[in-house]
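# Residue-level structure breakdown
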Amino acid sequence: MSAVLHAPPETPVGRERPCPECMAPFVPAQPGQLFCTVEHRAAWNNRATVRGRVLTPLAIVARITRNGTRGDRNTGATASHHANALIQRWRDEDRVAGRMSWSDYLARRYRAGFDPL
Ligand SMILES: [Zn+2]
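These notes cover the structure that comes with them. These numbers come from a predicted model, not from an experiment.

### Considering the overall build of the protein chain
A tally of helices and strands in the protein chain yields three helices and two strands. For the protein chain, the succession of helices and strands along the chain, N to C, is β-β-α-α-α. Counting every position in the protein chain, which comprises 117 residues, the buried fraction comes to 23%. Considering only contacts in the protein chain between residues 6 or more positions apart, those separated by 24 or more positions represent 42%.

Structure representation (structure tokens):
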């Protein structure tokens, strides 16, 4: 059983929480509101879209080749290396920019009912 399925409901409306983009505390107007403003939501999502376009094929190939230990080993190993390097670079960029970590962000989305499957 997944812990996600039993996660508590998202923080109720009216309770202060940090915005993932700027980390400033704000009081949400809607139960599932994650960002302080529409602009910060767009900035976060636009950056995620740009990164995702690059990371998606790398992550898929890294996974299906088990990081270059199955199938096309050279392509898989290279894709795995590139995916890891980009993830580290983006993590560092986000940290310097004062953004929320991706693990904290995803935990919030799961609590808000996010189900990618
Ligand atoms: Zn914000």
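Alright, that's what it looks like, and here's the rest.
### Examining the coordination of the zinc ion
Coordination sphere of the zinc ion, protein contribution only: Cys19 (SG), Cys22 (SG), Cys36 (SG) and His40 (ND1), at 2.0 to 2.4 Å. Here the zinc ion binds four donor atoms, and the angle range of 96 to 124° at the metal identifies the geometry as tetrahedral. A relative accessible area of 31% means that cysteine 22 is categorised as partly exposed.

### Here we look at the pattern of salt bridges
All told, the structure shown has seven salt bridges when counted by the stated rule. Linking glutamate 21 and arginine 99 is a salt bridge whose minimum nitrogen-to-oxygen distance equals 3.7 Å. Taken as a pair, glutamate 21 in the loop between β1 (17–18) and β2 (25–26) and arginine 99 in the loop between α2 (73–97) and α3 (102–111) lie far apart in primary sequence, 78 residues in all. Classification of glutamate 21 by relative accessible area gives buried; the value is 13%. Of the charged contacts in the structure, one is a salt bridge between aspartate 94 and arginine 47, with a shortest N-O distance of 3.9 Å. Here aspartate 94, found in helix α2, pairs with arginine 47, found in helix α1 (residues 38–64); they are 47 residues apart in sequence, far enough to count as distant. Here aspartate 94 matches arginine 47 in class, with each residue buried. Among the ionic contacts, a cluster of salt bridges with common partners joins Glu21, Arg47, Arg51, Glu93, Asp94 and Arg99.

### Points about the side chain of arginine 47
Since its relative accessible area comes to 17%, arginine 47 is described here as buried. Residues in contact with arginine 47, not counting those within four places in the same chain, are Glu21, Asp94 and Arg99.

The rules behind the values
- Residues numbered from 1 in each chain as written.
- Predicted model: local features only at pLDDT ≥ 70, side-chain atom pairs only at ≥ 80, totals over all residues.
- Heavy atoms only, no water.
- Helix = DSSP H or I, 4+ residues; strand = E, 2+ residues; numbered from the N terminus.
- Buried < 20%, exposed > 50% of the residue type's maximum accessible area, 1.4 Å probe, protein only.
- Contact = heavy atoms within 4.5 Å.
- Donors = N, O, S within 2.8 Å, 3.2 Å for Na, K, Ca; no water.
- Tetrahedral: all angles 85-135°; square planar, octahedral: opposite > 155°, others 65-115°.
- Salt bridge = Lys/Arg side-chain N within 4 Å of Asp/Glu carboxyl O.

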